[in-house]
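Fold and geometry: a report
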Amino acid sequence: MARLSIEDCATQRSPGRMLRRLEQDVKTLLERRFAAEDVTVTQWIALKVVRDAAVSNPGELARELNITSGATTRLIDTLEERGLMARDRSAGDRRLVGLKVTDAGDALVQTLAPIVVAGWNELVADFSDAEVEQFSAMLARLLVVAERMLGKESAVFAGEAIS
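Here's what I pulled together on the structure shown here. (Residues numbered from 1 in each chain as written. Predicted model: local features only at pLDDT ≥ 70, side-chain atom pairs only at ≥ 80, totals over all residues. Heavy atoms only, no water.)

Details of helix 5 (residues 103-123)
- Its 21 residues place the ends of helix 5 30 Å apart at the C-alpha level, agreeing with the 30 Å of an ideal helix rising 1.5 Å per residue.
- Most pronounced at L112, the bend in helix 5 amounts to some 35°, and the proline P114 follows within four residues.
- The set of residues buried in helix 5 consists of G105, L108, V109, L112, V116 and G119. (Helix = DSSP H or I, 4+ residues; strand = E, 2+ residues; numbered from the N terminus. Expected span 1.5 Å × (residues − 1). Bend = angle between axes of the 7 residues up to and from the residue. Buried < 20%, exposed > 50% of the residue type's maximum accessible area, 1.4 Å probe, protein only.)

Now the structure itself:
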């Protein structure tokens with residue numbers, strides 16, 4: 001049932017390497033577009049995923065961004081100092097900390113979203129609409145399978161359940 005061979009995973013064609021490089025290149029491209037905005041791509045993603053309720057606390061945010069808890073604390077501190085995010089301590093247990101995006105943070109997410117979308121649209125300009133949909137669906141399926149293999153509970157992507 002193997003679909004990939006050792007040759008398919010050679011350095012120049014390795015799916016993992018291509019995904020990693022794509023992530024790095026897209027982040028660099030977006031950082032260039034954000035240069036005049038006084039916000040980093042990581043800060044924008046943090047605001048976006050908290051605003052969209054994909055994550056709700058610092059631990060989840062650290063896992064989402066694949067950064068250390070210390071880096072997450074610094075990120076939240078910076079966003080909080082700028083009035084873009086707030087920590088929401090539980091009244092019942094002060095050790096529990098939730099995150100919420102302020103109105104200013106929400107406005108920033110909305111302001112920068114068209115820059116992100118334009119960047120992605122430029123990146124996929126050579127693909128047909130069907131190819132973009134297929135690519136997104138395949139990435140969503142890969143993520144669900146990887147998370148299932150890791151024993152994680154998966155989010156549903158692109159509005160479709162994947163079994």
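Structural notes on the packing of aromatic side chains
- Inspection of the entire model under this criterion finds one aromatic pair.
- With 6.3 Å between their ring centres and 75° between their planes, F34 and W44 make a pair best called edge-to-face. Of this pair, F34 sits in helix 1 (residues 15-34) while W44 sits in helix 2 (residues 41-51), and the two are ten residues apart along the sequence. Residue F34 shares its accessibility class with W44, and that shared class is buried. (Phe/Tyr/Trp six-rings, centres within 6.5 Å; stacked < 30°, edge-to-face > 60°.)

Concerning the pairing of strand 2 (residues 97-101)
- Within strand 2, four of the five residues are buried, which leaves the element mostly enclosed by the surrounding structure.
- In the sheet, strand 1 (residues 85-89) pairs with strand 2 via five bridges, with the strands oriented antiparallel. The partner of R87 across the bridge, within strand 2, is L99. (Pairing = 2+ DSSP bridges.)

Quick word on the pattern of salt bridges
- Applying the stated criterion across every chain yields a total of seven salt bridges.
- Among the ionic pairs, R51 bridges to D106, the shortest N-O distance being 3.3 Å. Pair noted here: R51 is in helix 2 and D106 is in helix 5, with a separation of 55 residues, a long-range link.
- Given a relative accessible area of 32%, R51 falls into the partly exposed group.
- The class of D106 is partly exposed, set by a relative accessible area of 24%. (Salt bridge = Lys/Arg side-chain N within 4 Å of Asp/Glu carboxyl O.)

A closer look at the packing of helix 2 against helix 4 (residues 69-81)
- Following both chains from N to C, one finds helix 2 and helix 4 inclined at 80°, their axes separated by 11 Å at the closest point. By the criterion of interaxial angle, the relationship of helix 2 to helix 4 is roughly perpendicular. Every residue of helix 4 that contacts helix 2 at T42, Q43, A46 and L47 is listed here: L75, T78 and L79.
- The residue inventory of the contact of helix 2 with helix 4, partitioned by class, reads four nonpolar, three polar and no charged. (Axes fitted to C-alpha atoms, helices over the stretch in contact; angles between N-to-C directions. Parallel < 35°, antiparallel > 145°, perpendicular 65-115°, else oblique. Contact = heavy atoms within 4.5 Å. Nonpolar A, V, L, I, M, F, W, Y, C, P; charged D, E, K, R; others polar.)

With respect to a nonpolar patch on the surface
- A contiguous nonpolar patch, built from L19, F135, L139 and L142 and spanning about 340 Å² of accessible area, is present on the exposed surface.
- The biggest single contributor to the nonpolar patch is helix 6 (residues 129-149), with three residues.
- Within the element layout of this structure, L142 appears in helix 6. (Patch = residues over 30% accessible without salt bridge, like charges linked within 9 Å, V, L, I, M, F, W, Y side chains within 5 Å. Areas by Shrake-Rupley, 256 points an atom, 1.4 Å probe, with all protein chains shown as cover.)

Looking at the side chain of S14
- Tracing the chain through its elements places S14 in the segment before helix 1.
- On the basis of relative accessibility, which here comes to 16%, the residue S14 falls in the buried class.
- Setting aside chain neighbours within four positions, we find S14 in contact with D8 and C9.

Examining helix 2
- Taking burial as the measure, the eleven residues of helix 2 include eight buried ones, the bulk of the element.
- Those residues of helix 2 not exposed but buried are V41, T42, Q43, W44, A46, L47, V49 and V50.
- Where helix 2 is buried, its residues contact helix 1, helix 3 (58-65), helix 4, strand 1, strand 2 and helix 5.
- Following helix 2 by one or two positions, A53 adopts a phi angle in the positive range, close to 65°.

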